[in-house]
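# Structural overview for review
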Amino acid sequence: MTNSAMPFFKLSTTPSKLLVVVVLILSFIGFLDASYLTFKHYSGTPINCAIFNGCEEVTNSKYATIGPVPVALLGAIYYALIFLLVIAYLDSKNPKFFNLAALMTPLGLIASLGLVYLQLFIIKAICLYCMVSAADSTLLFVAGALYFYKSIPNKTFTAPPTK
């Protein structure tokens, strides 16, 4: 491959140990949070919401499910996938696993932004557990963005060569 055909950044950089630990912890916290909401959805028991009083209103709204699937279950699957990809990276030392986990983080951020919008402006109630998940997915996105930023060799973007 000639220099002019090189990609403008490399996606196989080895992540720092700190970043791996941070993503692992955040994905585990997110999984626990979303799993709790999923359990409460299927058991039909009320959510213990200590700070805000809107947990029941949010989790029982028409926006809490997509068809028969609770949004919290989709969140639990998202966090579990990231967690398992980081575990796969730790086991194999193949950065492709961590790359995939980092590439998934914008999906969580976009979903969280939409769900926070629904809480604040449509439902007009706040669910503490939902906000924890939103903060968690935002931090995962920041971690993923930092990882890719550090993957850029000279931190400058150039236009691809014209033919």
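Scroll up to find the structure.
A few points on the structure. Computed from a predicted model, the values in this text were never measured in an experiment.

Definitions and limits used
Every chain begins its residue count from 1, and numbering advances along the sequence as written. The predicted nature of this model means local features are confined to residues of pLDDT at least 70 and side-chain atom pairs, given and counted, to a pLDDT of 80 or more, with totals for whole chains, interfaces and linings taken over all residues. Excluded from the side-chain calculation are hydrogens and water; included are all heavy atoms of the structure. A helix here means a DSSP run of H or I that spans at least four residues, while a strand means a run of E at least two residues long, and both kinds are numbered starting from the N terminus. Each residue is placed in one exposure class: buried if its accessible area under a 1.4 Å probe, protein chains only, is under 20% of its type's maximum, exposed if it is over 50%, and partly exposed if it falls in between. Contact between two residues is taken to exist if any of their heavy atoms lie within 4.5 Å; hydrogens are not considered. We get accessible surface area from the Shrake-Rupley algorithm with a probe of 1.4 Å; when it comes to residues, only the shown protein chains can shield them. For this text, the term disulfide refers to a pair of cysteine sulfurs within 2.5 Å. Definition of a polar contact: a pair of N or O atoms within 3.5 Å, with one able to donate and the other able to accept a hydrogen when the atoms are protein atoms, and with sequence-neighbouring residues admitted only if both atoms are side-chain atoms. Any two rings among Phe, Tyr and Trp, with Trp reduced to its six-membered ring, count as a pair given centres within 6.5 Å; such a pair is stacked if its planes are under 30 degrees apart, edge-to-face if over 60, and tilted if neither. Here, nonpolar core means buried Ala, Val, Leu, Ile, Met, Phe, Trp, Tyr and Cys residues that are tied together by side-chain atoms lying within 4.5 Å of each other. For a helix, the expected span equals 1.5 Å multiplied by the residue count minus one.

Here the focus is the overall build of the protein. From N to C terminus, the protein includes five helices and two strands. The buried share among the 163 residues of the protein stands at 38%. Within the protein, contacts between residues at least 6 apart in sequence are counted, and of these 74% link residues at least 24 apart. With the model as given, the accessible surface of the protein reaches about 10000 Å², and the carbon-plus-sulfur share is 72%.

Bringing the state of the cysteines into the picture now. Under the criterion given, the structure shown has one disulfide. Sulfur-sulfur distance for the disulfide between Cys 49 and Cys 55 comes to 1.9 Å. In this pair, the class of Cys 49 matches that of Cys 55, namely buried.

Turning our eyes to something else, we now look at the side chain of Ser 61. As for its placement among the helices and strands, Ser 61 is situated in the loop between α2 (55-59) and β1 (65-66). Among the polar contacts listed, one links the side chain of Ser 61 to the backbone oxygen of Val 58, at a separation of 2.9 Å.

Tallying each qualifying case throughout the model produces seven aromatic pairs. Measuring from ring centre to ring centre gives 5.2 Å for Tyr 117 and Phe 121, while their planes differ by 40°; the resulting arrangement is tilted. On the criterion of helical spacing, the pair formed by Tyr 117 and Phe 121 is a turn pair, its members being four residues apart in helix α4 (residues 95-123). The exposure class assigned to Tyr 117 is partly exposed, which follows from its relative accessible area of 45%. Three or more aromatic residues joined by ring pairs form one cluster here, namely Tyr 89, Phe 98, Tyr 147 and Phe 148.

So, about the nonpolar core. Within the largest apolar cluster, 21 residues are counted, with the highest numbers of intra-cluster contacts made by Val 23, Ile 82, Val 86, Phe 98 and Leu 140. Residue assignment for this core shows that the elements contributing at least two residues are α1 (17-43), α3 (71-92), α4 and α5 (128-151). A per-element tally of this core places α3 first, with seven residues.

Turning our eyes to something else, we now look at unusual backbone geometry. The phi dihedral of Lys 93 falls on the positive side, at around 60°, and the residue is not glycine. Owing to a relative accessible area of 55%, Lys 93 belongs among the exposed residues under this scheme. Even without being glycine, Lys 124 reaches a positive phi, approximately 60°.

On to the environment of Tyr 129, then. Its location among the elements puts Tyr 129 in helix α5. Placed 74 residues apart in sequence, Tyr 129 and Cys 55 show a C-alpha to C-alpha distance of 7.7 Å. With residues up to four places along the chain from it excluded, the contact list for Tyr 129 reads Asp 33, Tyr 36, Leu 37, Ile 47, Asn 48, Cys 49 and Cys 55.

The next thing to look at is α4. For α4, built from 29 residues, the straight-helix expectation of 42 Å at 1.5 Å per residue is met to within 8% by its first-to-last C-alpha distance of 41 Å. Two or three places before Lys 96, at the start of α4, stands the capping residue Asn 94, its side-chain oxygen 3.0 Å from that residue's backbone nitrogen. Two residues or fewer after α4 comes Lys 124, characterised by a positive phi angle close to 60°.

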